[in-house]
Amino acid sequence: MNSIILLASILLTGLAATFFAPLQSLYLVTQMDVPSQYVGVYFFLGTILSIFLSQRVATYSDKRVSRLPLIRGLSAMGVVSMLIFAYSTNLYVIITTGFLGVSFAVAVAPQLFAYARESYRGDKGDVFMSWARAMISIAWVIGPPLSFSVVSFVDYSTAFLISAGMYLCVLLLSFTMIGEVRQRTNDEVQEEEQEEGDAPFWTTNVVLVSLGFCLFYLALNAYMLAFPIYMVEYSVSRKPRWVAFSR
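Conventions adopted
- Residues numbered from 1 in each chain as written.
- Predicted model: local features only at pLDDT ≥ 70, side-chain atom pairs only at ≥ 80, totals over all residues.
- Heavy atoms only, no water.
- Helix = DSSP H or I, 4+ residues; strand = E, 2+ residues; numbered from the N terminus.
- Buried < 20%, exposed > 50% of the residue type's maximum accessible area, 1.4 Å probe, protein only.
- Contact = heavy atoms within 4.5 Å.
- Areas by Shrake-Rupley, 256 points an atom, 1.4 Å probe, with all protein chains shown as cover.
- Salt bridge = Lys/Arg side-chain N within 4 Å of Asp/Glu carboxyl O.

*Asks:* Is there a simple way to think about the overall build of the protein in this case?
*Replies:* What the protein contains, in helices and strands, is eleven helices and zero strands. Reading the protein from its N end, one meets helices and strands in the order α-α-α-α-α-α-α-α-α-α-α. Taking all 247 residues of the protein together, 38% fall into the buried category. Within the protein, contacts between residues separated by at least 24 positions form 84% of all contacts whose residues are at least 6 apart in sequence. In the structure as shown, the protein presents an accessible area of about 14500 Å², 66% of it carried by carbon and sulfur atoms.

*Asks:* How should the pattern of salt bridges be read in this particular structure?
*Replies:* A side chain with one charge can pair with a side chain of the opposite charge if their charged atoms come near. Taken as a whole and assessed by the stated rule, the structure comprises one salt bridge. Close ionic contact of glutamate 118 with arginine 67 constitutes a salt bridge, the shortest N to O distance being 2.7 Å. With a gap of 51 residues between them, glutamate 118 in helix H6 (residues 108-119) and arginine 67 in the loop between helix H3 (36-62) and helix H4 (68-87) connect regions that are remote in the sequence. The residues glutamate 118 and arginine 67 share a single accessibility class, namely buried.

*Asks:* So what exactly am I meant to see when it comes to the environment of serine 54 here?
*Replies:* Here serine 54 is to be found in helix H3. Using a relative accessible area of 23% as the deciding quantity, one classes serine 54 as partly exposed. Serine 54 has contacts with Ser103, Val106 and Ala107, leaving out every residue within four places of it along the chain.

This is the structure in structure tokens:
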């Protein structure tokens with residue numbers, strides 16, 4: 001039962017992100033009248049901040065006895081952030097929420113994956129992690145079309161409220177999860193501290209992996225930033241080719 005709850009939470013977390021992320025740039029441009037170039041700066045800085053905060057959250061959670069309190073706190077932050085986007089009309093409040101609230105909220109998914117990895121080990125863990133990754137893929141396949149459909153037929157606030165509801169469901173489901181407790185002996189703690197002290201902070205592999213992650217998320221966010229604006233401001237204004245061929 002706990003595995004089903006965890007998979008549902010991962011799927012809901014992915015859907016919550018896909019109901020918000022693809023709409024963010026279009027919302028800022030069309031509803032808040034923010035120039036496109038400033039939206040680009042906002043996304044660039046937001047991406048860097050999200051990577052930094054996610055890393056700090058991961059470092060903090062690795063030292064705790066359980067990840068569940070952190071999962072609940074991040075889910076609650078996601079609920080509050082989506083409610084602010086749904087109802088606030090103050091640009092500075094929205095920008096601040098995007099920088100801080102959303103940056104923390106996106107860390108829910110990595111924490112759920114870390115919780116799953118510690119709860120399921122061996123062959124069973126490999127199968128479960130495959131299902132977990134499939135949930136995220138499914139969310140990114142069905143989420144953006146649904147979010148744009150909601151905006152087309154209703155409005156942005158409704159899409160953000162749906163995202164808030166999904167984060168709320170994750171928060172409630174987290175109280176039904178089995179609380180894992182990571183117990184470490186004194187020898188393990190001393191050995192870990194010694195390894196951390198001996199290992200260099202910056203190595204070639206660490207630098208390359210970090211650079212790869214930064215470039216990946218920058219490219220992904222650039223796509224999510226540009227494509228919706230392109231479709232609305234350029235593609236819609238151009239005459240479709242089939243109209244010319246039909247005459």
